[in-house]
Each structure stands twice: as structure tokens, then as C-alpha cells.
Amino acid sequence: MPVISSKGKAMPESPIRKLAPFAEKAVKDGKHIFHLNIGQPDIKTPIEALDAVRNHKLDVLAYSHSAGFESFRKKLAGYYAKHDITISSDDILVTTGGSEALIFTMGSITDPGDEIIVPEPFYANYYSFSTQSTVTVVPVISKIENGFALPSIKEFEKLITPKTKAILICNPGNPTGYLYSKQEIQQLAELAVKYDLFLISDEVYREFVYGDSEHYSILQERTLDDHAIVVDSVSKRYSMCGARIGCIVSKNKSVMETAMKFAQARLSPPTFAQIASEAALEAPESYYKETVAKYKIRRDTLVEGLRQIPGVKVATPNGAFYCIAELPINDADHFAKWLLDEFHVNNETVMVAPASGFYSSPNEGLNQVRIAYVLNRRDLKKAVNILKLALEVYPNQKTFVVSEENVSL
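Residues numbered from 1 in each chain as written. Predicted model: local features only at pLDDT ≥ 70, side-chain atom pairs only at ≥ 80, totals over all residues. Heavy atoms only, no water.

- Under the annotation held in an unreviewed UniProt entry, the chain carries the name Aminotransferase and is attributed to Aquimarina rubra.
- Looking at the chain in UniProt, the text filed under Cofactor (unreviewed entry) is "pyridoxal 5'-phosphate".
- Database annotation for the chain, UniProt heading Sequence similarities (unreviewed entry): "Belongs to the class-I pyridoxal-phosphate-dependent aminotransferase family." (UniProt positions renumbered as here; feature names shortened; annotations may be inferred.)

**A short note on the sheet that holds strand 13 (residues 353-354)**
Remark on secondary structure: sheet strands pair via backbone hydrogen bonds, oriented parallel or antiparallel.
1) Next: Read from one edge of the open sheet, four strands run 9-10-14-13, paired in antiparallel fashion. With partners counted over all chains shown, the strands left at the sheet margins are strand 9 (313-314) and strand 13, one partner each.
2) Next: As paired elements, strand 13 and strand 14 (residues 368-372) share two bridges and run antiparallel to each other. By the bridge assignment, Pro354 is partnered in strand 14 with Val369. (Pairing = 2+ DSSP bridges. Helix = DSSP H or I, 4+ residues; strand = E, 2+ residues; numbered from the N terminus.)

**Side note on the confidence of the model for the chain**
1) Next: Overall, the predicted model of the chain reaches an average pLDDT of 94, with 97% of residues at or above 70.
2) Next: Within the model, the stretch residues 404-409 combines pLDDT values under 50 with 11 contacts to residues more than four positions away or in other chains. (pLDDT = per-residue confidence, 0-100. Contact = heavy atoms within 4.5 Å.)

**Topic: the packing of helix 12 (residues 332-341) against helix 13 (residues 377-393)**
Packed helix pairs are characterised by how far apart their axes lie and by the angle those axes make with each other.
1) Next: Two elements in contact, helix 12 and helix 13, have axes separated by 12 Å at closest approach and are oriented at 110°. In terms of orientation, helix 12 lies roughly perpendicular with respect to helix 13. Handedness of the crossing formed by helix 12 with helix 13: right-handed. Here Phe335, Trp338 and Leu339 of helix 12 come into contact with helix 13, specifically with Leu387, Ala390, Leu391 and Val393. (Axes fitted to C-alpha atoms, helices over the stretch in contact; angles between N-to-C directions. Parallel < 35°, antiparallel > 145°, perpendicular 65-115°, else oblique. Left-handed = near helix turned anticlockwise from the far one by under 90°.)

**Brief notes about the UniProt feature "domain: Aminotransferase class I/classII large" (unreviewed entry) in the chain**
1) Next: On the UniProt side, "domain: Aminotransferase class I/classII large" (unreviewed entry) is annotated at positions that read residues 32-385 here.
2) Next: Regarding residues 32-385, the helix share stands at 36% and the strand share at 18%, and the terminal C-alpha atoms are separated by 15 Å.

**Observations regarding the environment of Ser89**
1) Next: Relative to the helices and strands, Ser89 is located in the loop between helix 4 (70-81) and strand 2 (92-95).
2) Next: On the basis of relative accessibility, which here comes to 13%, the residue Ser89 falls in the buried class.
3) Next: Placed 50 residues apart in sequence, Ser89 and Pro139 show a C-alpha to C-alpha distance of 33 Å.
4) Next: When neighbours within four sequence positions are excluded, Ser89 is seen to be in contact with Arg73, Lys74 and Ala77. (Buried < 20%, exposed > 50% of the residue type's maximum accessible area, 1.4 Å probe, protein only.)

**Topic: the packing of aromatic side chains**
1) Next: The full count for this structure, using the stated rule, is 18 aromatic pairs.
2) Next: Judged by centre distance (6.3 Å) and plane angle (75°), the ring pair of Tyr287 and Tyr288 falls under edge-to-face. Take Tyr287 and Tyr288: they sit in the same class, and that class is buried.
3) Next: An angle of 50° between the planes, with centres 5.1 Å apart, marks the rings of Phe321 and Tyr322 as tilted. One exposure class covers both Phe321 and Tyr322, and it is buried.
4) Next: An aromatic cluster of at least three residues, connected via ring pairs, comprises Tyr205, Phe208, Tyr295, Phe321 and Tyr322.
5) Next: Here the basic side chain of Arg298 rests over the ring of Tyr295, its NZ or CZ set 5.2 Å away from the ring centre. (Phe/Tyr/Trp six-rings, centres within 6.5 Å; stacked < 30°, edge-to-face > 60°. Lys NZ or Arg CZ within 6 Å of the ring centre and 35° of its normal.)

**Describing the side chain of Lys236**
1) Next: Here Lys236 shows up in the loop between strand 7 (228-233) and strand 8 (246-249).
2) Next: We note that Lys236 is buried and unpaired, the nearest opposite charge coming from Asp202 at a distance of 9.8 Å.
3) Next: A polar side-chain atom of Lys236 sits 2.5 Å from the main-chain carbonyl oxygen of Gly39.
4) Next: Leave out the neighbours within four places in its chain, and Lys236 touches Gly39, Val204, Tyr205, Phe208, Cys241, Phe321 and Tyr322. (Lys, Arg positive; Asp, Glu negative; His and termini not counted. Salt bridge = Lys/Arg side-chain N within 4 Å of Asp/Glu carboxyl O. Polar contact = N/O pair within 3.5 Å; in protein donor to acceptor, adjacent residues only side chain to side chain.)

**With respect to the packing of helix 5 (residues 97-109) against helix 6 (residues 125-132)**
1) Next: Following both chains from N to C, one finds helix 5 and helix 6 inclined at 40°, their axes separated by 9 Å at the closest point. Here helix 6 runs oblique to helix 5, going by the angle between their axes. Like other packed secondary-structure pairs, helix 5 and helix 6 cross with a definite hand, here right-handed. Listed contacts from helix 6 to Ser99, Leu102, Ile103 and Met106 of helix 5 are Tyr126, Phe129, Ser130 and Gln132.
2) Next: Residues that form the contact of helix 5 with helix 6 fall into these classes: five nonpolar, three polar and no charged. (Nonpolar A, V, L, I, M, F, W, Y, C, P; charged D, E, K, R; others polar.)

The structure is reproduced here in C-alpha cells:
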């Protein structure tokens, strides 16, 4: 029998999606699941995007330019200008989601065996993309005790070797919700210049910033023109996860010319999705403000509820719509499966993402889960109370049914 590749065997399972069979069984058993495991917004997609697809005038669904529609890239440049980021349409390459943007980036700047330093916990697919690109992820661990703040620059410097090509961050962070300060970005910028490294920033959640904090992009650092690569997407910003439209943004001409070769090899990004994404940029400013206001309320509801559960530790996220919660358990993988398979409150249960899948360091995050607060406030309250009741009985590891009378809403 032909043999599967070592690269294929090394590809990790998604910590977000690997529990799908347990969820499917739970639904077949008549349970309702509150999905805290996946960052699928319930916010409506801008009507401008949907109408653009409904009212299209196309006679032929043709290829687009490999870099994406020029009109779309020009509008994107205008969008970035509103965020104090000065770029041209030539500095943008449209991709099939932020995922492809990261794959093209890794392919453009690394050779097999090269290394990329990533603060962990990190978005799980970074590990998948690096495996595809035969790149080694070198983790530098951030801690829940200080809210997953940027580790000391000295910790980064200890990890730099002749094979180090880049530092990769997510700002604001998935899965932590941490928002890097301007000072932290400048520290990373100095490091990238000092060691002649690329600094890659996944800025998909740029708008999702709470309180008085402000997002500061690596593209605002003038010293980084040859070093900065931003990965972006419409998925979360406009609640358009299914569109699969993202982009690479960089002023480094060599990076963009190389990424274009990858783009040409896959021909072009999808036409209808680009039509929708370009139109989404016409959404009024109120769309962002109302969306962020909803998520702030959800964040506050979730964090307040989690902190009332004995033994639970959680850092307040200042961005994105995720948090990492540390639970009074030993094995979050087992707990997540148990919630779906054996526990319910009047046929309702919750689905979480075990956080160990967001670490590449062994034995890290075993008692942590990532929670996405993409549900309405009432459902979040119910979900948190179900978690509370589950944790009260979980150590016995038996089948439990809890009455709804015990759940405070």
C-alpha cells in the first residue's frame, strides 16, 4: 500500500474542529449546544456586501487578476489610510482568506528547516501552516498571570539562531484576546531590524478593541518598511467567514513579487467573494461601532461570569473576541469531550476548544480552554452557568443530568 507523507502525518488536528464528531452525536441525542469553541460571529454581514452579490451584472464568472481586483485593492488602501497606514494598492495582494495569506508569506520568506518565533498560545493553524511549509515554530511562552502580555525581548533574543527568519504575532490575539501596546510593537520592531528579521502581524481583529485602548499596526513603524508583513481578512471584521477573502500587505517589493508567484500558481481569488468584500468596505462607520459595542458587552458578561466560578482563572481580553480560561481540572481535552458526551442541563451543554492545541510546547495549556464570546448575552450567561455546574460534578466522571432549576439566568 502506498505510504502517506511524513508531512501529512505531522499535520496537527484542529483543536477547534476535532471535537465535531462528539458534537454531532450530542445533537443526534437531542442536545442543544452553546458553541463557545469557534470564532463564527453571529453579527449580520453588511447589507452592502450581500446586495452587491445579489445585484451583480456578470454574464461570465471569469478569473480575476492574480493579485485581486484592482478596484478592491485601491479601496483597501483607502481603508488602511483611515487607520494611519500609508500604502498603495501595489502593496496589497488579495488571497483566499487570511490562511492563504499566511501560507504564501511563509512560502515567500522561508526555506525548509527555517524557524519562526511565535508567542504562545497562538492561533492553532499557525502550526498547520508551518508544517505545510516545513518551517519550525519556535515558541516563546506568554502567561495567563500577566494577561498573556508580550514576553521579555530577552526571551526572544535567546531563541534567535541563524535559521530564524521571522517573528509572527497576532494583534489583537487569537486565542488570548491580548492587544499589544505601541511600546511592545516598537520593541519588536527594534528586534526585527537589529537581527534583520521579518515581523509578521496577523491583524484580522484590528477593529475589535475595547475601552480606551488603540490598535497599533506594524505598518505604522517606518523603520519596518522592509521587514513588516501584515496578514488581514474580511472574515471577522464584516462577519464574512465564508467569503474566504484575505490579503497580504507589505512595502517590501521582493516579498510581494515572490508572493505573486504563489498567487499566480493558484490563478486567482474567488470573484463573487471579492465583489462582496469590496462592497463591504462601503459599510457605514456605525457598523463597526455597533459591532464592537456588542462584543464589549459580551466580553464583560463572560469574564464576570467566569470569575464567579470557583477555581477558574481568566485574563480580561482587550481585543478580538476570545479569551483563555484556566479551569480547576487536569485534562481539558477529556473535559470538552465529557461535556458533549455525558453532561447536559435539560438537554443543553457547551462546546469549548481545549487550549493545549494552541501551544506547541508539550504539556502547556492542559487545564485551559479557549472561549469565543460570539453568542448573545443571554446565551453566554446560560453557557457560563452550565460550565459552572459541570465543573461542580466533573471530578466524579459519571453521567450527569442537572435540572434547569439550578441554572441562574
